[in-house]
Amino acid sequence: MSDRVSTPLTQFKILGQPVHLSTDYVSWLLDRLQQGIGTHVVTMNAEIVIQASHDLELATIISNADLVTPDGSGIIMALQLHGVKQPRYAGIDLGEDLLRLAGEPAHDYPVFFYGGKPQIVQRAAQKWATELPNLNIVGVEHGYLDAEEQSKLLHQIQITQPKIILVALGMPRQEIWIRDNFHLCPQAIWIGVGGSFDVWSGVKNRAPEYIRNLNLEWMYRIAQEPSRWRRALALPQFAVLAIIERIWGKHRLAPH
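About the cut-offs
- Residues numbered from 1 in each chain as written.
- Predicted model: local features only at pLDDT ≥ 70, side-chain atom pairs only at ≥ 80, totals over all residues.
- Heavy atoms only, no water.
- Helix = DSSP H or I, 4+ residues; strand = E, 2+ residues; numbered from the N terminus.
- Buried < 20%, exposed > 50% of the residue type's maximum accessible area, 1.4 Å probe, protein only.
- Axes fitted to C-alpha atoms, helices over the stretch in contact; angles between N-to-C directions.
- Parallel < 35°, antiparallel > 145°, perpendicular 65-115°, else oblique.
- Left-handed = near helix turned anticlockwise from the far one by under 90°.
- Contact = heavy atoms within 4.5 Å.
- Phe/Tyr/Trp six-rings, centres within 6.5 Å; stacked < 30°, edge-to-face > 60°.
- Lys NZ or Arg CZ within 6 Å of the ring centre and 35° of its normal.
- Core = buried A, V, L, I, M, F, W, Y, C linked by side-chain atoms within 4.5 Å.
- Pairing = 2+ DSSP bridges.
- Salt bridge = Lys/Arg side-chain N within 4 Å of Asp/Glu carboxyl O.
- Nonpolar A, V, L, I, M, F, W, Y, C, P; charged D, E, K, R; others polar.

A closer look at unusual backbone geometry
For residues other than glycine, phi is negative in most cases, and the peptide bonds are mostly trans. Following methionine 171, the chain continues to proline 172 via a peptide bond in cis, the omega torsion being 5°. Phi is positive for leucine 15, close to 50°, though the residue is something other than glycine. Mapped onto the secondary structure, leucine 15 falls in the loop between β1 (10–14) and β2 (17–21). If you check the backbone angles, glutamine 161 has positive phi at about 50° while not being a glycine. By the element assignment, glutamine 161 lies in the loop between α7 (147–160) and β7 (164–168). Of the residues examined, glutamine 161 reaches a relative accessible area of 30% and is grouped as partly exposed.

Okay, structure coming up:
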């Protein structure tokens, strides 16, 4: 790993969980790639904040992450309560931007896709291989592996040394897996992308842009997957706690 360090991003804490503020995360990540500085990226939303409030292991992983981006509309709302202007940056958008960066002819950043169902991850990788002919995909593996297959996967990652590793195992499993295996590629960007493979494979549709601009993408996902309604209960709980923190809490803004 390089002895150099990247420029610190301003960090804001919401209900005890950090979020890094920026208008150009990709350039920041590119700088780290060029310096050989590994990065664990967490894409933060209200559900994750609530989960971390009673899961010490997850909270510790988030606290130690190199980059925590504002994925959910609830996070943006909480920041606005404190007068902080920060555009939402969905994890799927960050994943796509990283793939396009890796697919530029001027760059040579091998990519690894891991997680999801077998057919889905294969179709997701094929979509990007078709769209970005220069993209160097060095591995594609589904998330339903036995112990022996998992061992082979880790060996493959260590041998191929991808620079961008997209992990779709769901929260918090993907964050725990990244923490446990980060040492295999200490110069790579590791990012949990949740259900992005489902969208890229065409199995599920993403909300239209006008719905995303209204910060209502979560409602669209519930309409597609009614079983997610229990997870959506975290949203009102988060909103109440964020308002209470704004009234009684302290302003916590610092470089990190």
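Next comes the rest of the write-up.
A few points about the packing of helix α3 (residues 56–64) against helix α8 (residues 173–181)
Closest axis-to-axis distance for the α3/α8 pair is 10 Å, and the angle between their directions is 60°. On the basis of the axis angle, α3 is oblique to α8. Handedness of the α3/α8 crossing: left-handed. Taken together, the residues of α8 that come into contact with α3 (itself represented by Glu57, Leu58 and Ile61) are Glu175, Ile176 and Arg179.

Notes on the packing of aromatic side chains
Under the definition given, this model contains seven aromatic pairs. Ring geometry for tryptophan 128 versus tryptophan 200: centroids 5.6 Å apart, planes at 85°, classification edge-to-face. Highlighted residues: tryptophan 128 in helix α6 (residues 118–131) and tryptophan 200 in helix α9 (residues 196–201), separated in sequence by 72 residues. Each member of the pair, tryptophan 128 as well as tryptophan 200, is classed as buried. Every member of this aromatic cluster is reached through a ring pair, and the members are Phe113, Trp128, Phe197 and Trp200. The ring of tryptophan 128 has lysine 127 sitting right over it, with the charged end atom 4.4 Å from the ring centre.

Here's the deal with the nonpolar core
Counting residues in hydrophobic clusters, the biggest one holds 35 residues, and the most contacted among them are Leu99, Phe113, Leu166, Phe197 and Trp200. Of all elements in the fold, only α1 (25–35), α5 (91–102), β5 (111–115), α6, β7, β8 (189–192) and α9 reach the threshold of two or more residues within this core. Setting aside its immediate chain neighbours within four residues, phenylalanine 113 contacts Leu99, Val121, Ala124, Ala125, Trp128, Ile137, Gly139, Val140, Glu141, Leu166, Phe197 and Trp200. Listed in part, the 23 residues of the second largest apolar core include Leu21, Met44, Ile50 and Ala65.

Remarks on the environment of leucine 241
Turning to its location among the elements, leucine 241 is positioned in helix α13 (residues 234–248). Residue class for leucine 241 comes out partly exposed when judged on its relative accessible area of 34%. Among all residues touching leucine 241, those that are not within four sequence positions of it are Leu15 and Ile50.

A few points about the sheet that holds strand β6 (residues 137–141)
Read across the open sheet, the six strands follow the order β4-β3-β8-β7-β5-β6; overall the sheet is parallel. Looking along the sheet, the strands with just one partner apiece sit at the ends: β4 (67–70) and β6. Looking at each pair of strands side by side, their axes are set apart by 15° on average, direction ignored. Looking at chain direction, β5 and β6 are connected through four bridges and run parallel. Residue pairing across strands places tyrosine 114 opposite glutamate 141, the latter belonging to β6. On the sheet, α8 packs against β3 (39–44), β5, β7 and β8 and is oriented at approximately 160° with respect to β8.

Re the pattern of salt bridges
Opposite charge on two side chains makes pairing possible when the charged atoms of those side chains draw close. Summed over the entire model, instances satisfying the criterion amount to eight salt bridges. Residues lysine 204 and aspartate 198 are paired through a salt bridge, measuring 3.6 Å at the closest nitrogen-oxygen approach. Overall, the relative accessible area of 25% leaves lysine 204 in the partly exposed class. Salt bridges sharing common partners tie together Glu96, Arg100, Lys127 and Glu131.

With respect to the packing of α1 against α5
Closest axis-to-axis distance for the α1/α5 pair is 11 Å, and the angle between their directions is 50°. Compared by their axis directions, α1 and α5 come out oblique. Judged by the twist between their axes, the crossing of α1 over α5 is right-handed. Residues Val26, Leu29, Leu30 and Leu33 of α1 lie in contact with α5, whose contacting residues are Leu94, Asp97, Leu98 and Leu101. In terms of residue class, the contact of α1 with α5 is built from seven nonpolar, no polar and one charged.

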